[in-house]
Amino acid sequence: MHQFKYKAKDLYCEEIKIQDLVNRFGTPLYVYSYHTLIDHFWKLQRALTEIKPLICYSVKANSNLAILAALVDRGAGLDIVSGGELYRALKAGCPPQKIVYASVGKTNAEIEEAIKKKILFFNVESLAELQNINRIAARMKKTVNVAIRINPDVEPKTHKFITTGKITNKFGIDFERAYGIFLIRNRLANLNICGLHIHIGSQITESAPYIAALTKMADFIGRLKKIGVRLEYLNIGGGLGIIYDKETPQTAHNFANKVLPLLKETKLKIILEPGRFIVGNAGILATRVLYIKSTPKKKFIIVDAGMNDLIRPALYDAYHQILPLKAPQNAARRSEKADVVGPICESGDFFAKDRRLPRLSEGDYLAVLGAGAYGFSMSSNYNSRTRAEEVMVVKDKVFVIRKRESNSDLIAHEMIPPFLLRL
Ligand code: LLP
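Here the structure is a predicted model, which is why all the values come from computation and not from measurement.

About the thresholds
- Residues numbered from 1 in each chain as written.
- Predicted model: local features only at pLDDT ≥ 70, side-chain atom pairs only at ≥ 80, totals over all residues.
- Heavy atoms only, no water.
- Helix = DSSP H or I, 4+ residues; strand = E, 2+ residues; numbered from the N terminus.
- Rg over C-alpha atoms; globule rule 2.2 N^0.38 Å.
- Contact = heavy atoms within 4.5 Å.
- Areas by Shrake-Rupley, 256 points an atom, 1.4 Å probe, with all protein chains shown as cover.
- Lys, Arg positive; Asp, Glu negative; His and termini not counted.
- Charge placed at Lys NZ, Arg CZ, Asp CG, Glu CD.
- Phe/Tyr/Trp six-rings, centres within 6.5 Å; stacked < 30°, edge-to-face > 60°.
- Buried < 20%, exposed > 50% of the residue type's maximum accessible area, 1.4 Å probe, protein only.
- Core = buried A, V, L, I, M, F, W, Y, C linked by side-chain atoms within 4.5 Å.
- Domains from an automatic or database assignment.
- Patch = residues over 30% accessible without salt bridge, like charges linked within 9 Å, V, L, I, M, F, W, Y side chains within 5 Å.
- Salt bridge = Lys/Arg side-chain N within 4 Å of Asp/Glu carboxyl O.
- Near = heavy atom within 4 Å.
- Polar contact = N/O pair within 3.5 Å; in protein donor to acceptor, adjacent residues only side chain to side chain.
- 1 Å grid on protein atoms, 1.4 Å probe; cavity = no way out; pocket = protein on both sides within 12 Å on 5 of 7 lines; lining within 4 Å.
- Sits in = over half its atoms within 2 Å of the grid points.

A. The overall build of the protein, seen in detail. Helices and strands together make up the secondary structure of the protein, namely twelve helices and 20 strands. Taking 423 residues into account, the globule formula puts the C-alpha radius of gyration at 22 Å, and the protein, at 23 Å, falls close to it. Its C-alpha atoms put the protein at 70 × 65 × 45 Å along the principal axes. Put simply, of all contacts in the protein between residues at least 6 apart along the chain, 69% involve residues at least 24 apart. In the structure as shown, the protein presents an accessible area of about 19,500 Å², 53% of it carried by carbon and sulfur atoms. Distance from the positive charge centre (62 side chains) to the negative charge centre (41 side chains) of the protein: 3 Å.

In C-alpha coordinates, the structure reads:
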(Lines give C-alpha, C1' and ligand atoms only; values in the text may rest on other atoms or scores of the structure.)
Protein backbone atom coordinates (compact mmCIF):
# COMPACT_ATOMS: atom_id res chain seq x y z
CA MET A 1 0.00 0.00 0.00
CA HIS A 2 1.25 3.44 -0.81
CA GLN A 3 0.85 6.58 1.25
CA PHE A 4 -0.66 8.95 -1.30
CA LYS A 5 -4.23 9.36 -0.08
CA TYR A 6 -6.97 11.96 0.07
CA LYS A 7 -7.66 13.37 3.50
CA ALA A 8 -10.86 15.41 3.26
CA LYS A 9 -10.42 17.16 -0.11
CA ASP A 10 -6.67 17.13 -0.46
CA LEU A 11 -4.17 14.58 -1.69
CA TYR A 12 -1.53 13.89 0.92
CA CYS A 13 1.85 12.22 0.91
CA GLU A 14 2.15 10.69 4.38
CA GLU A 15 1.20 13.64 6.62
CA ILE A 16 1.90 16.44 4.17
CA LYS A 17 -0.58 18.10 1.84
CA ILE A 18 0.94 17.89 -1.63
CA GLN A 19 -0.59 21.25 -2.51
CA ASP A 20 1.70 22.80 0.12
CA LEU A 21 4.66 21.13 -1.54
CA VAL A 22 3.86 22.43 -5.02
CA ASN A 23 3.26 25.92 -3.59
CA ARG A 24 6.66 25.80 -1.96
CA PHE A 25 8.79 23.97 -4.53
CA GLY A 26 6.94 24.56 -7.80
CA THR A 27 6.21 22.02 -10.53
CA PRO A 28 7.04 19.61 -12.11
CA LEU A 29 7.88 18.04 -8.76
CA TYR A 30 8.70 14.46 -7.85
CA VAL A 31 7.40 13.59 -4.38
CA TYR A 32 8.51 10.38 -2.69
CA SER A 33 7.09 8.75 0.42
CA TYR A 34 9.91 7.44 2.59
CA HIS A 35 7.64 5.04 4.47
CA THR A 36 6.15 3.57 1.30
CA LEU A 37 9.67 2.90 0.07
CA ILE A 38 10.79 1.22 3.26
CA ASP A 39 7.52 -0.69 3.64
CA HIS A 40 7.93 -2.34 0.26
CA PHE A 41 11.49 -3.31 1.03
CA TRP A 42 10.39 -4.87 4.32
CA LYS A 43 7.46 -6.66 2.73
CA LEU A 44 9.80 -8.57 0.47
CA GLN A 45 12.39 -9.10 3.15
CA ARG A 46 9.75 -10.45 5.56
CA ALA A 47 8.11 -12.72 3.00
CA LEU A 48 11.46 -14.38 2.28
CA THR A 49 12.84 -14.28 5.81
CA GLU A 50 13.32 -18.08 6.01
CA ILE A 51 16.09 -17.94 3.44
CA LYS A 52 17.58 -14.61 4.59
CA PRO A 53 18.04 -13.25 1.08
CA LEU A 54 20.26 -10.34 0.16
CA ILE A 55 17.95 -7.82 -1.49
CA CYS A 56 19.99 -5.73 -3.90
CA TYR A 57 17.73 -2.83 -4.89
CA SER A 58 18.07 -2.11 -8.60
CA VAL A 59 19.63 1.35 -8.78
CA LYS A 60 18.38 2.07 -12.31
CA ALA A 61 14.76 2.25 -11.11
CA ASN A 62 15.50 5.38 -9.12
CA SER A 63 19.08 6.29 -8.48
CA ASN A 64 18.69 9.34 -6.25
CA LEU A 65 21.30 9.17 -3.46
CA ALA A 66 18.65 9.68 -0.78
CA ILE A 67 16.58 6.75 -2.06
CA LEU A 68 19.69 4.56 -2.14
CA ALA A 69 20.80 5.71 1.31
CA ALA A 70 17.34 5.02 2.78
CA LEU A 71 17.42 1.44 1.52
CA VAL A 72 21.08 0.82 2.33
CA ASP A 73 20.34 2.06 5.85
CA ARG A 74 17.77 -0.75 6.15
CA GLY A 75 20.26 -3.38 5.06
CA ALA A 76 19.69 -3.44 1.30
CA GLY A 77 22.46 -4.17 -1.14
CA LEU A 78 22.46 -2.63 -4.62
CA ASP A 79 22.26 -3.96 -8.17
CA ILE A 80 24.23 -1.73 -10.55
CA VAL A 81 24.77 -1.59 -14.32
CA SER A 82 27.43 1.05 -14.90
CA GLY A 83 30.42 2.85 -13.45
CA GLY A 84 28.10 5.76 -12.70
CA GLU A 85 25.83 3.54 -10.65
CA LEU A 86 28.87 2.11 -8.82
CA TYR A 87 29.88 5.67 -7.94
CA ARG A 88 26.39 6.44 -6.66
CA ALA A 89 26.18 3.17 -4.72
CA LEU A 90 29.41 3.92 -2.87
CA LYS A 91 28.45 7.56 -2.28
CA ALA A 92 25.20 6.32 -0.73
CA GLY A 93 27.25 4.26 1.71
CA CYS A 94 26.58 0.79 0.31
CA PRO A 95 29.17 -1.76 1.46
CA PRO A 96 30.92 -3.07 -1.70
CA GLN A 97 30.26 -6.60 -0.49
CA LYS A 98 26.55 -5.96 -1.12
CA ILE A 99 26.94 -4.74 -4.71
CA VAL A 100 26.26 -6.91 -7.76
CA TYR A 101 27.02 -5.66 -11.25
CA ALA A 102 25.07 -6.68 -14.40
CA SER A 103 25.07 -5.20 -17.98
CA VAL A 104 25.86 -6.69 -21.38
CA GLY A 105 28.38 -3.96 -22.11
CA LYS A 106 30.76 -3.31 -19.24
CA THR A 107 33.85 -1.37 -20.34
CA ASN A 108 37.38 -2.20 -19.16
CA ALA A 109 37.50 0.96 -17.06
CA GLU A 110 34.21 0.02 -15.38
CA ILE A 111 35.39 -3.52 -14.72
CA GLU A 112 38.70 -2.36 -13.24
CA GLU A 113 37.01 0.13 -10.97
CA ALA A 114 34.52 -2.46 -9.67
CA ILE A 115 37.38 -4.93 -9.04
CA LYS A 116 39.32 -2.26 -7.16
CA LYS A 117 36.28 -1.48 -5.05
CA LYS A 118 35.83 -5.22 -4.25
CA ILE A 119 32.16 -5.65 -5.18
CA LEU A 120 30.42 -8.94 -4.34
CA PHE A 121 30.36 -10.17 -7.95
CA PHE A 122 29.78 -9.37 -11.61
CA ASN A 123 26.77 -10.87 -13.40
CA VAL A 124 28.48 -11.85 -16.63
CA GLU A 125 26.48 -11.89 -19.85
CA SER A 126 28.75 -13.51 -22.48
CA LEU A 127 31.83 -15.71 -22.90
CA ALA A 128 33.67 -12.73 -24.41
CA GLU A 129 32.98 -10.66 -21.30
CA LEU A 130 34.05 -13.52 -19.05
CA GLN A 131 37.38 -13.78 -20.89
CA ASN A 132 37.82 -10.04 -20.69
CA ILE A 133 37.22 -9.92 -16.93
CA ASN A 134 39.63 -12.84 -16.55
CA ARG A 135 42.28 -10.93 -18.52
CA ILE A 136 41.80 -7.77 -16.48
CA ALA A 137 41.84 -9.73 -13.21
CA ALA A 138 45.10 -11.43 -14.25
CA ARG A 139 46.67 -8.06 -15.07
CA MET A 140 45.57 -6.79 -11.65
CA LYS A 141 46.76 -10.04 -9.98
CA LYS A 142 43.33 -10.67 -8.47
CA THR A 143 40.78 -13.46 -8.32
CA VAL A 144 37.41 -12.01 -9.18
CA ASN A 145 33.96 -13.36 -8.27
CA VAL A 146 31.51 -13.73 -11.11
CA ALA A 147 28.02 -15.17 -11.58
CA ILE A 148 26.91 -16.40 -14.97
CA ARG A 149 23.74 -14.71 -16.17
CA ILE A 150 21.59 -17.37 -17.74
CA ASN A 151 19.01 -16.65 -20.40
CA PRO A 152 16.43 -19.29 -19.45
CA ASP A 153 14.18 -18.65 -22.45
CA VAL A 154 10.90 -18.05 -20.65
CA GLU A 155 7.98 -15.79 -21.53
CA PRO A 156 7.38 -13.26 -18.74
CA LYS A 157 4.13 -11.94 -20.28
CA THR A 158 5.05 -8.28 -20.13
CA HIS A 159 5.82 -5.47 -22.59
CA LYS A 160 8.26 -6.61 -25.27
CA PHE A 161 10.69 -3.78 -24.49
CA ILE A 162 11.09 -5.05 -20.92
CA THR A 163 11.21 -8.79 -21.67
CA THR A 164 14.76 -9.96 -21.03
CA GLY A 165 14.78 -13.73 -20.56
CA LYS A 166 13.77 -14.95 -24.01
CA ILE A 167 16.38 -16.53 -26.20
CA THR A 168 16.03 -13.75 -28.79
CA ASN A 169 16.95 -11.08 -26.18
CA LYS A 170 20.51 -9.80 -25.87
CA PHE A 171 20.79 -10.74 -22.20
CA GLY A 172 22.50 -13.69 -20.56
CA ILE A 173 23.89 -16.96 -21.85
CA ASP A 174 21.85 -19.99 -22.94
CA PHE A 175 22.08 -23.17 -20.87
CA GLU A 176 24.23 -25.13 -23.31
CA ARG A 177 26.81 -22.38 -23.78
CA ALA A 178 26.83 -21.81 -20.02
CA TYR A 179 27.44 -25.52 -19.44
CA GLY A 180 30.33 -25.33 -21.91
CA ILE A 181 31.79 -22.44 -19.90
CA PHE A 182 31.73 -24.52 -16.72
CA LEU A 183 33.56 -27.31 -18.55
CA ILE A 184 36.43 -24.93 -19.36
CA ARG A 185 36.32 -23.03 -16.05
CA ASN A 186 39.86 -24.06 -15.13
CA ARG A 187 41.13 -22.02 -18.04
CA LEU A 188 39.64 -18.91 -16.46
CA ALA A 189 42.27 -18.93 -13.75
CA ASN A 190 41.55 -15.51 -12.31
CA LEU A 191 37.81 -16.01 -11.94
CA ASN A 192 35.82 -17.64 -9.20
CA ILE A 193 32.47 -18.58 -10.75
CA CYS A 194 30.47 -18.40 -7.57
CA GLY A 195 26.90 -18.12 -8.78
CA LEU A 196 24.17 -18.02 -11.37
CA HIS A 197 21.95 -15.09 -12.25
CA ILE A 198 18.65 -14.60 -14.06
CA HIS A 199 16.50 -11.57 -14.68
CA ILE A 200 13.61 -12.47 -16.96
CA GLY A 201 11.85 -9.14 -17.38
CA SER A 202 10.09 -6.32 -15.62
CA GLN A 203 6.52 -5.57 -14.45
CA ILE A 204 5.80 -9.31 -14.18
CA THR A 205 2.47 -9.82 -12.43
CA GLU A 206 2.33 -13.63 -12.14
CA SER A 207 4.56 -16.17 -10.48
CA ALA A 208 4.38 -18.71 -13.34
CA PRO A 209 7.30 -17.22 -15.34
CA TYR A 210 9.49 -17.26 -12.20
CA ILE A 211 8.54 -20.87 -11.50
CA ALA A 212 9.30 -21.81 -15.11
CA ALA A 213 12.70 -20.12 -14.97
CA LEU A 214 13.62 -21.43 -11.53
CA THR A 215 12.62 -24.98 -12.44
CA LYS A 216 15.01 -24.82 -15.38
CA MET A 217 17.68 -23.34 -13.12
CA ALA A 218 17.26 -26.10 -10.51
CA ASP A 219 17.71 -28.66 -13.24
CA PHE A 220 20.83 -26.87 -14.50
CA ILE A 221 22.30 -26.62 -11.00
CA GLY A 222 21.79 -30.41 -10.75
CA ARG A 223 23.72 -30.93 -13.99
CA LEU A 224 26.53 -28.69 -12.74
CA LYS A 225 26.81 -30.60 -9.48
CA LYS A 226 27.48 -33.76 -11.44
CA ILE A 227 30.60 -32.19 -12.93
CA GLY A 228 31.78 -30.99 -9.55
CA VAL A 229 30.77 -27.34 -9.78
CA ARG A 230 30.32 -25.69 -6.39
CA LEU A 231 28.22 -22.55 -6.36
CA GLU A 232 27.42 -20.18 -3.54
CA TYR A 233 24.80 -17.80 -4.94
CA LEU A 234 21.64 -17.81 -6.98
CA ASN A 235 20.61 -14.31 -8.05
CA ILE A 236 17.00 -14.37 -9.24
CA GLY A 237 16.91 -10.78 -10.50
CA GLY A 238 13.99 -8.39 -10.16
CA GLY A 239 10.85 -7.87 -12.19
CA LEU A 240 8.04 -8.01 -9.64
CA GLY A 241 5.10 -6.02 -11.00
CA ILE A 242 3.04 -3.35 -9.27
CA ILE A 243 -0.40 -1.82 -9.66
CA TYR A 244 -0.56 1.03 -12.17
CA ASP A 245 -4.12 0.47 -13.34
CA LYS A 246 -6.19 -2.66 -12.82
CA GLU A 247 -3.35 -5.17 -12.53
CA THR A 248 -3.62 -7.74 -9.78
CA PRO A 249 0.05 -8.51 -9.25
CA GLN A 250 1.28 -11.23 -6.96
CA THR A 251 1.94 -9.94 -3.45
CA ALA A 252 5.35 -10.45 -1.89
CA HIS A 253 3.73 -13.13 0.25
CA ASN A 254 2.25 -15.06 -2.70
CA PHE A 255 5.46 -14.73 -4.65
CA ALA A 256 7.42 -16.09 -1.69
CA ASN A 257 5.03 -19.02 -1.19
CA LYS A 258 5.49 -20.02 -4.80
CA VAL A 259 9.25 -19.65 -5.14
CA LEU A 260 10.48 -20.58 -1.67
CA PRO A 261 10.32 -24.37 -2.16
CA LEU A 262 12.42 -24.10 -5.32
CA LEU A 263 14.85 -21.66 -3.76
CA LYS A 264 15.36 -23.73 -0.62
CA GLU A 265 16.06 -26.81 -2.65
CA THR A 266 19.05 -25.15 -4.29
CA LYS A 267 20.68 -24.61 -0.86
CA LEU A 268 22.34 -21.52 -2.34
CA LYS A 269 22.40 -18.01 -0.91
CA ILE A 270 19.61 -16.12 -2.65
CA ILE A 271 19.91 -12.61 -4.06
CA LEU A 272 17.06 -10.53 -5.49
CA GLU A 273 17.26 -7.33 -7.54
CA PRO A 274 13.87 -5.63 -7.28
CA GLY A 275 13.53 -2.06 -8.47
CA ARG A 276 9.97 -1.17 -9.37
CA PHE A 277 8.41 -3.25 -6.57
CA ILE A 278 10.25 -1.15 -4.01
CA VAL A 279 10.11 2.35 -5.42
CA GLY A 280 7.37 2.36 -8.11
CA ASN A 281 4.43 3.34 -5.96
CA ALA A 282 6.55 5.36 -3.56
CA GLY A 283 6.68 8.35 -5.92
CA ILE A 284 4.38 10.70 -7.81
CA LEU A 285 5.00 13.45 -10.33
CA ALA A 286 3.08 16.62 -9.47
CA THR A 287 2.29 18.93 -12.36
CA ARG A 288 0.23 22.07 -13.03
CA VAL A 289 -2.40 22.53 -15.70
CA LEU A 290 -1.16 25.28 -18.02
CA TYR A 291 -3.93 25.38 -20.61
CA ILE A 292 -7.07 23.57 -21.63
CA LYS A 293 -7.53 23.25 -25.34
CA SER A 294 -10.47 21.91 -27.32
CA THR A 295 -10.15 20.83 -30.93
CA PRO A 296 -12.90 19.47 -33.20
CA LYS A 297 -12.04 15.94 -32.12
CA LYS A 298 -10.40 16.17 -28.73
CA LYS A 299 -9.85 17.93 -25.50
CA PHE A 300 -6.28 18.43 -24.32
CA ILE A 301 -5.17 19.17 -20.79
CA ILE A 302 -1.74 20.73 -21.28
CA VAL A 303 0.46 20.39 -18.20
CA ASP A 304 3.89 21.68 -17.26
CA ALA A 305 5.54 18.24 -17.03
CA GLY A 306 6.54 16.42 -20.17
CA MET A 307 7.93 13.21 -21.57
CA ASN A 308 11.36 14.49 -20.57
CA ASP A 309 10.21 14.14 -16.93
CA LEU A 310 8.37 10.81 -17.26
CA ILE A 311 8.85 8.94 -20.51
CA ARG A 312 6.98 5.70 -19.69
CA PRO A 313 3.68 6.58 -21.46
CA ALA A 314 5.55 7.75 -24.57
CA LEU A 315 7.92 4.80 -24.64
CA TYR A 316 5.74 1.87 -23.57
CA ASP A 317 2.26 3.31 -23.85
CA ALA A 318 2.28 2.80 -20.09
CA TYR A 319 -0.76 3.64 -17.98
CA HIS A 320 -0.31 5.97 -15.00
CA GLN A 321 -3.22 6.93 -12.79
CA ILE A 322 -3.76 10.70 -12.65
CA LEU A 323 -5.44 12.39 -9.68
CA PRO A 324 -6.16 16.04 -9.02
CA LEU A 325 -4.49 17.36 -5.88
CA LYS A 326 -7.92 18.71 -4.88
CA ALA A 327 -10.61 16.02 -4.95
CA PRO A 328 -13.48 16.91 -7.31
CA GLN A 329 -16.54 18.38 -5.57
CA ASN A 330 -19.03 15.88 -6.88
CA ALA A 331 -19.10 12.90 -9.17
CA ALA A 332 -21.09 14.78 -11.83
CA ARG A 333 -17.97 16.81 -12.54
CA ARG A 334 -16.21 13.61 -13.59
CA SER A 335 -17.62 13.89 -17.01
CA GLU A 336 -14.87 14.67 -19.42
CA LYS A 337 -12.57 12.59 -21.51
CA ALA A 338 -9.32 14.27 -22.36
CA ASP A 339 -5.69 13.69 -23.30
CA VAL A 340 -3.22 14.88 -20.68
CA VAL A 341 -0.21 16.15 -22.60
CA GLY A 342 3.07 17.91 -21.95
CA PRO A 343 4.66 20.94 -23.63
CA ILE A 344 7.20 19.00 -25.70
CA CYS A 345 7.19 19.20 -29.47
CA GLU A 346 6.24 15.59 -30.09
CA SER A 347 2.84 13.94 -30.38
CA GLY A 348 4.22 11.13 -28.21
CA ASP A 349 4.42 13.58 -25.31
CA PHE A 350 1.39 12.46 -23.31
CA PHE A 351 0.58 11.10 -19.87
CA ALA A 352 -2.93 9.83 -20.67
CA LYS A 353 -5.15 9.40 -23.71
CA ASP A 354 -8.94 9.68 -23.69
CA ARG A 355 -8.86 9.57 -19.92
CA ARG A 356 -12.04 10.35 -17.97
CA LEU A 357 -11.06 13.08 -15.56
CA PRO A 358 -12.90 15.57 -13.38
CA ARG A 359 -13.43 18.87 -15.17
CA LEU A 360 -10.21 20.80 -14.72
CA SER A 361 -9.27 24.44 -14.97
CA GLU A 362 -6.05 26.24 -15.70
CA GLY A 363 -3.92 26.41 -12.59
CA ASP A 364 -5.21 23.12 -11.15
CA TYR A 365 -2.64 20.59 -10.06
CA LEU A 366 -2.43 16.90 -10.90
CA ALA A 367 -0.49 13.97 -9.52
CA VAL A 368 0.77 11.30 -11.89
CA LEU A 369 0.96 8.18 -9.75
CA GLY A 370 3.36 5.25 -9.90
CA ALA A 371 6.16 7.58 -10.97
CA GLY A 372 8.75 6.43 -8.42
CA ALA A 373 10.39 3.85 -10.68
CA TYR A 374 11.85 4.68 -14.10
CA GLY A 375 10.53 8.24 -13.74
CA PHE A 376 13.28 10.64 -12.79
CA SER A 377 15.95 8.06 -13.62
CA MET A 378 14.87 8.09 -17.29
CA SER A 379 14.32 11.83 -17.43
CA SER A 380 16.23 14.09 -19.79
CA ASN A 381 16.77 17.69 -20.79
CA TYR A 382 15.00 17.29 -24.12
CA ASN A 383 13.67 20.60 -25.44
CA SER A 384 16.22 22.18 -23.06
CA ARG A 385 13.88 21.68 -20.14
CA THR A 386 15.47 21.73 -16.72
CA ARG A 387 14.91 18.55 -14.74
CA ALA A 388 12.38 18.55 -11.94
CA GLU A 389 12.99 18.99 -8.23
CA GLU A 390 12.73 15.85 -6.08
CA VAL A 391 11.55 15.82 -2.48
CA MET A 392 11.19 13.07 0.08
CA VAL A 393 8.41 13.15 2.66
CA VAL A 394 8.95 11.49 6.01
CA LYS A 395 5.70 11.78 8.02
CA ASP A 396 5.27 15.55 8.48
CA LYS A 397 8.74 16.50 7.28
CA VAL A 398 9.99 17.18 3.78
CA PHE A 399 13.53 17.03 2.46
CA VAL A 400 14.76 18.27 -0.90
CA ILE A 401 16.73 15.37 -2.35
CA ARG A 402 17.55 16.99 -5.70
CA LYS A 403 17.13 20.62 -6.45
CA ARG A 404 15.55 21.84 -9.64
CA GLU A 405 18.07 22.32 -12.43
CA SER A 406 18.76 25.83 -13.65
CA ASN A 407 19.31 27.12 -17.17
CA SER A 408 23.02 27.38 -16.46
CA ASP A 409 23.03 23.64 -15.58
CA LEU A 410 21.74 23.01 -19.09
CA ILE A 411 24.84 24.44 -20.73
CA ALA A 412 27.36 23.65 -17.99
CA HIS A 413 29.32 21.19 -20.14
CA GLU A 414 29.07 22.97 -23.46
CA MET A 415 31.71 25.11 -25.15
CA ILE A 416 31.68 27.40 -28.13
CA PRO A 417 34.87 27.11 -30.21
CA PRO A 418 36.87 30.39 -29.99
CA PHE A 419 36.43 31.23 -33.69
CA LEU A 420 32.67 31.49 -33.11
CA LEU A 421 32.90 33.65 -30.03
CA ARG A 422 31.56 37.12 -30.71
CA LEU A 423 31.81 38.52 -27.20
N1 LLP B 1 18.02 -6.65 -12.52
C2 LLP B 1 18.36 -6.44 -13.81
C3 LLP B 1 19.52 -7.15 -14.37
C4 LLP B 1 17.60 -5.56 -14.60
O5 LLP B 1 17.94 -5.36 -15.88
C6 LLP B 1 16.49 -4.89 -14.04
C7 LLP B 1 15.68 -3.96 -14.83
C8 LLP B 1 16.19 -5.12 -12.67
C9 LLP B 1 16.97 -6.02 -11.97
C10 LLP B 1 15.03 -4.44 -11.98
O11 LLP B 1 13.82 -4.76 -12.54
P12 LLP B 1 12.44 -4.34 -11.82
O13 LLP B 1 12.38 -5.06 -10.50
O14 LLP B 1 12.45 -2.88 -11.63
O15 LLP B 1 11.39 -4.78 -12.75
N16 LLP B 1 12.23 1.27 -18.00
C17 LLP B 1 11.31 0.16 -17.90
C18 LLP B 1 11.85 -0.96 -17.04
C19 LLP B 1 13.21 -1.47 -17.49
C20 LLP B 1 13.79 -2.53 -16.58
C21 LLP B 1 15.22 -2.79 -16.91
N22 LLP B 1 15.87 -3.75 -16.08
C23 LLP B 1 9.98 0.67 -17.39
O24 LLP B 1 9.84 1.86 -17.15
O25 LLP B 1 9.01 -0.10 -17.29
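Moving on from the model shown.
B. Up close: the packing of aromatic side chains. Taken as a whole, this structure holds nine aromatic pairs when the rule is applied. Arranged with centres 6.3 Å apart and planes meeting at 75°, the rings of Phe161 and Tyr316 form a pair that is edge-to-face. Linking Phe161 in the loop between strand E9 (144-149) and helix H7 (175-183) with Tyr316 in helix H11 (residues 312-316), this pair joins segments that are 155 residues apart in sequence. By relative accessible area, which is 15% here, Tyr316 ends up buried.

C. Local environment of the nonpolar core. Ranked by internal contacts, the top residues of the largest apolar core, which has 104 residues, are Phe122, Ile148 and Leu196. Each of domain 1 (4-31 + 280-410) and domain 2 (103-272) accounts for three or more of the residues forming this core. Those residues in contact with Ile148 that sit more than four places away from it in its chain are Val124, Leu130, Ile173, Ala178, Ile181, Phe182, Ile193, Gly195, Leu196 and His197.

D. Representation of a nonpolar patch on the surface. Side chains of Ile416, Phe419, Leu420 and Leu421 sit close together on the surface and give an oily, nonpolar patch of about 450 Å² of accessible area. Inspection of the secondary structure assignment puts Ile416 in the segment after helix H12 (407-410). By relative accessible area, Ile416 is classed as exposed at 54%.

E. Geometry of the site of the ligand. Surrounding the ligand, one finds 18 residues, the nearest of these being Ser202, Glu273, Arg312, Tyr316 and Tyr374. Separating an oxygen atom of the ligand from a side-chain N or O atom of Ser202 is a distance of 2.4 Å. In the environment of the ligand, an oxygen atom lies 2.8 Å from a nitrogen or oxygen atom belonging to the backbone of Arg276. In isolation the ligand has 590 Å² of accessible area, and contact with the protein removes 92% of it. A molecule is said to occupy a pocket when more than half its atoms come within 2 Å of that pocket's grid points, and by this definition the ligand occupies the largest pocket.

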